[in-house]
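Take a look at the letters that make up each chain.
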Amino acid sequence: MTLYAVDDVADAVDATRDFLLPVDRGTWLRLAVVVFFVGGGGGGFGQFGNAAPSDGGGSTPPADLGSLGSTELLIVGGGVALLVAILLGFAFVGAAMEFVFVESLRRERVRIREYWRAHWRRGARLFGFRIGLGLVTLALLAMVVGIAAAPILLGLAPVGVLLVLLALPVVLVVAVAAAVADGFTTTFVVPTMLVEERGVLAAWRRFWPTLRAGWKQYAVYALVVFGLRVAAGLLAAVVTILAGLALAIPTGLLALLGFALTSQVAPVGWGVVALAVVLFGLGLLVVSLLVAVPIQTALRYYGLFVLGDTDASLDVVPDQRRAVRE
């Protein structure tokens, strides 16, 4: 049996090279905007951490919300609502940009506004699906954690500890299943929606027989793409760090100039320092996105090639496939 999920890696790299080379500044910059919304830098990986403050002794009790006045509570509530709105708006744009990305690879030209107008309604459906999947996942995780932690809250610590240990694999399975469902929706169901002009659930019903018939191909794909993302993430991190060191030289000199000016004209000096920080941050963001452009393009071509090889009727990139294989 031919393992398309292995053979298609080289084809995806060739298709990416043909699309992005020779370098066209407009294409790369527009793709960087798309990548900013659909996957970000670092090969599609992010890191999230929690830091617990310590004062060397006991912890500081949280502020008493009851001591806040109505105006303060209104401000806090408004800030939270604004943050949620921004996050939801970003997620909505990201869902629509998935279709812009696939359409760009399909036509080998990037037209953000044109593709947005054509596919934003499909993006809205994908956005709703992602919200629903996230809520279901959180509900399942909360239920598992709640059941496991209940004995501890009731004073049955030994039983609670045992249940917590048993719950850890369940939590892991739920999290992995949700991640795979979301990843397969993005990689395989989105192009199915494009090819057959279906909604998310209808496209899943159309893709499901293909997935079931070629489950070995898609299992290998999941393993290979995980390894590719890890390797790409490390490579992107190294390149971004080196670029950051290069950017730190001119922006650092500008910041030193600002600090020197603070002794003479404080507002101007601090303004120069702030400008240096902003320039460094923007420069690092642009570099990370440009590094991510070929990575995300190759990964997406890889998924499209696997989909077309396992079901020719769902092939979004037949011309690219023919070109790299001939």
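In case you missed it, the structure is sitting above this.
Residues numbered from 1 in each chain as written. Predicted model: local features only at pLDDT ≥ 70, side-chain atom pairs only at ≥ 80, totals over all residues. Heavy atoms only, no water.

A. View of helix H4 (residues 112-153). A rise of 1.5 Å per residue sets the reference length of H4, with its 42 residues, at 62 Å; its end C-alpha atoms lie only 53 Å apart and thus fall more than 12% short of the reference. Of all the bends in H4, the largest measures some 60° and sits at His119. Gly155 occupies a position one or two residues after H4 and carries a positive phi of about 90°. (Helix = DSSP H or I, 4+ residues; strand = E, 2+ residues; numbered from the N terminus. Expected span 1.5 Å × (residues − 1). Bend = angle between axes of the 7 residues up to and from the residue.)

B. Here's a closer look at empty space enclosed by the protein. In total, this model carries 1 cavity of 30 Å³ or more according to the counting rule given. In this structure, the largest cavity spans a volume of roughly 30 Å³. In terms of lining, the largest cavity is formed by Thr187, Tyr221, Val225, Arg229, Gln296, Leu299 and Arg300. At the level of secondary structure, the elements contributing two or more residues to the lining of the largest cavity comprise helix H7 (215-262) and helix H8 (266-310). (1 Å grid on protein atoms, 1.4 Å probe; cavity = no way out; pocket = protein on both sides within 12 Å on 5 of 7 lines; lining within 4 Å. Points joined across faces, edges and corners; volume = space filled by probe spheres on them.)

C. Region of interest: the packing of aromatic side chains. Here the structure, examined in full by the defined rule, presents 17 aromatic pairs. Plain terms: the ring middles of Phe188 and Tyr221 are 5.1 Å apart, the flat faces sit at 65° to each other, and that makes the pair edge-to-face. Note that Phe188 is positioned in helix H5 (residues 157-196) and Tyr221 in helix H7, a separation of 33 residues in sequence. Residue classification places Phe188 among the buried residues on the basis of a relative accessible area of 0%. Three or more aromatic residues joined by ring pairs make a cluster, and in this case those are Phe184, Phe188, Trp204, Phe207, Tyr218, Tyr221 and Tyr302. (Phe/Tyr/Trp six-rings, centres within 6.5 Å; stacked < 30°, edge-to-face > 60°. Buried < 20%, exposed > 50% of the residue type's maximum accessible area, 1.4 Å probe, protein only.)

Fair warning: the whole summary comes from geometry, so function is off the table for now.
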